Amino acid sequence: MKITRFMGATCVMALATTAFAQDAELLVFDYSGFEMPEYHQGYIEKHGASPTFTFFGDEDEAFQKLRSGFRADVSHVCAPSVTRWTESGILEPWDTARITAYDDLNASLTGEEIGAGQTYFIPTDFGSTAIAYNPDEVSAADVASLQVFTNPAYAGRMTLPDNVDDAFALAYLATGVTNWQEVTDEQFEAAANWLRAVHPNLRTYWTDPAELAQLLSSGEILVSWAWNETYPTMVEEDRPIAFQRQATEGSSLWLCGYVKLAEGQGSVDKAYDYLNAFLAESSVLPLLEAGYGSANAAALNALVTEEDLVASGLEDIDVPILAQLPTSNDDRERMAETFELIKAGF
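Conventions adopted
- Residues numbered from 1 in each chain as written.
- Predicted model: local features only at pLDDT ≥ 70, side-chain atom pairs only at ≥ 80, totals over all residues.
- Heavy atoms only, no water.
- pLDDT = per-residue confidence, 0-100.
- Contact = heavy atoms within 4.5 Å.
- Buried < 20%, exposed > 50% of the residue type's maximum accessible area, 1.4 Å probe, protein only.
- Helix = DSSP H or I, 4+ residues; strand = E, 2+ residues; numbered from the N terminus.
- Pairing = 2+ DSSP bridges.
- Phe/Tyr/Trp six-rings, centres within 6.5 Å; stacked < 30°, edge-to-face > 60°.
- Lys NZ or Arg CZ within 6 Å of the ring centre and 35° of its normal.
- Lys, Arg positive; Asp, Glu negative; His and termini not counted.
- Salt bridge = Lys/Arg side-chain N within 4 Å of Asp/Glu carboxyl O.
- Polar contact = N/O pair within 3.5 Å; in protein donor to acceptor, adjacent residues only side chain to side chain.

Some remarks on the confidence of the model for the chain
Moving on, step 1. Confidence along the chain averages 91 in pLDDT terms, with 92% of residues attaining 70 or more.
Moving on, step 2. This stretch, residues 1-20, has a pLDDT under 50; its non-local contacts, to residues over four places away or in other chains, come to 27 contacts.

What about the pairing of strand β3 (residues 74-78)?
Moving on, step 1. Across the five residues of β3, five count as buried, placing the element largely inside the fold.
Moving on, step 2. On β3, burial covers both faces: Val74, His76 and Cys78 on one face and Ser75 and Val77 on the other are all buried.
Moving on, step 3. The sheet contact formed by strand β1 (residues 22-31) and β3 spans two bridges and is parallel. What sits directly across from valine 28, in β3, is valine 74.
Moving on, step 4. Summarising the sheet, β3 and strand β10 (residues 251-261) pair through five bridges and their orientation is antiparallel.

Some words on the packing of aromatic side chains
Moving on, step 1. Within the structure shown, the criterion is met by 21 aromatic pairs.
Moving on, step 2. Consider the rings of tryptophan 206 and tryptophan 227, whose centres lie 4.9 Å apart with planes at 80°: the pair is edge-to-face. Linking tryptophan 206 in strand β7 (residues 202-206) with tryptophan 227 in strand β8 (residues 223-227), this pair joins segments that are 21 residues apart in sequence.
Moving on, step 3. The class for tryptophan 206 is buried, based on a relative accessible area of 1%.
Moving on, step 4. One aromatic cluster is present, formed by Phe34, Tyr39, Tyr43, Phe53, Phe55, Trp254, Tyr258, Tyr274, Phe278 and Tyr292 through successive ring pairs.
Moving on, step 5. Above the ring of phenylalanine 70, the side-chain terminus of lysine 65 is found at 4.3 Å from the ring centroid.
Moving on, step 6. The ring of tyrosine 272 has arginine 98 lying over it, and the distance from NZ or CZ to the ring centre is 4.3 Å.

Remarks on the side chain of glutamate 35
Moving on, step 1. Along the chain, glutamate 35 turns up in the loop between β1 and α2 (41-47).
Moving on, step 2. In this structure, glutamate 35 is buried with no salt-bridge partner, the nearest side chain bearing the opposite charge being lysine 65 at 14 Å.
Moving on, step 3. Here glycine 33 takes part through its backbone nitrogen, which lies 2.6 Å from a polar atom of the side chain of glutamate 35.

Topic: the pairing of strand β5 (residues 122-133)
Moving on, step 1. Where burial is concerned, most of β5 is hidden: twelve out of the twelve residues are buried.
Moving on, step 2. Here β5 pairs with β10 via seven bridges, running antiparallel. Considered in β10, the bridge of phenylalanine 126 is made with leucine 255.
Moving on, step 3. As defined by bridge partners, β5 adjoins strand β11 (residues 293-294) across two bridges and the pair is classed as antiparallel. Of the residues in β11, the one forming a bridge with aspartate 125 is serine 294.
Moving on, step 4. Bridge count between β5 and β8: five bridges; the pairing is antiparallel. Paired with tyrosine 133 across the strands is valine 223, a residue of β8.
Moving on, step 5. Sheet topology note: the β5/strand β9 (residues 242-244) ladder contains three bridges and is antiparallel. Its bridge partner lying in β9, tyrosine 133 is registered against alanine 242.

Next up, the structure:
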């Protein structure tokens, strides 16, 4: 697989770089893997070293650590968590005039501003979630609609991610909702009931892409709601896989980005330098190699061919897209609580 080879070839270099050449004036709180120097080469060129990185396992862990007094300057976070983080008071807004590529960001990813016109979240990387399936055993006609997950012909041979945002993105699309920032109680209940109807058809809820690839490769699973990185992984391994992003009801985009943390101890100027480096043209291809699209739409379109985007599962599509933009904290909590009940059979 191209992505795996790229990550493997650079992993040691990345660890060495961050171990021995760290800029103490900027502390980035992030998922492991995003410290790769190729993602922020402009920062290194300007300051002679990468920022200092410290890592979290998931966003709930990161949130609790920050609420407990841990201090960092910027943090990676995915969009559905942003409202919770903002309302807690641990963030301060970005000055968008200092973000070089701000006007070039993909408008589908920026969504509505949070916090009385202030911008707390800048999208930087995104991916798609759609139907991954075995084309040797599943017809293209059967995956032309998201209702394939209710098809009894595939009962026990399907899976969804053990991720509330991805699961509800699917359910909202399947029940006709393409913007989850303004859902009614009736729309929420329709989506929840759709997931309840699907639950008995599932063999499992997958937890990471490696597990999903194994389930699909073994033939145990024929149809999955999947992140785009699984598709090129299995193509490279010459395993049967197809990726359907153009189901009638649409597909989803997940997105993550950076927030500026209140009470950071480092350089504010360097926080902007880091964000600008991550969104620069020089970061586009390294991100794509790892399975991520850059939120800098102008740079992405200039540097990446449509063929490359198709191969990565990130091409432009002509069906509805539900972007997993920030939701209200109440809506997010309601989704999370309901999803746990559904997985338990209620």
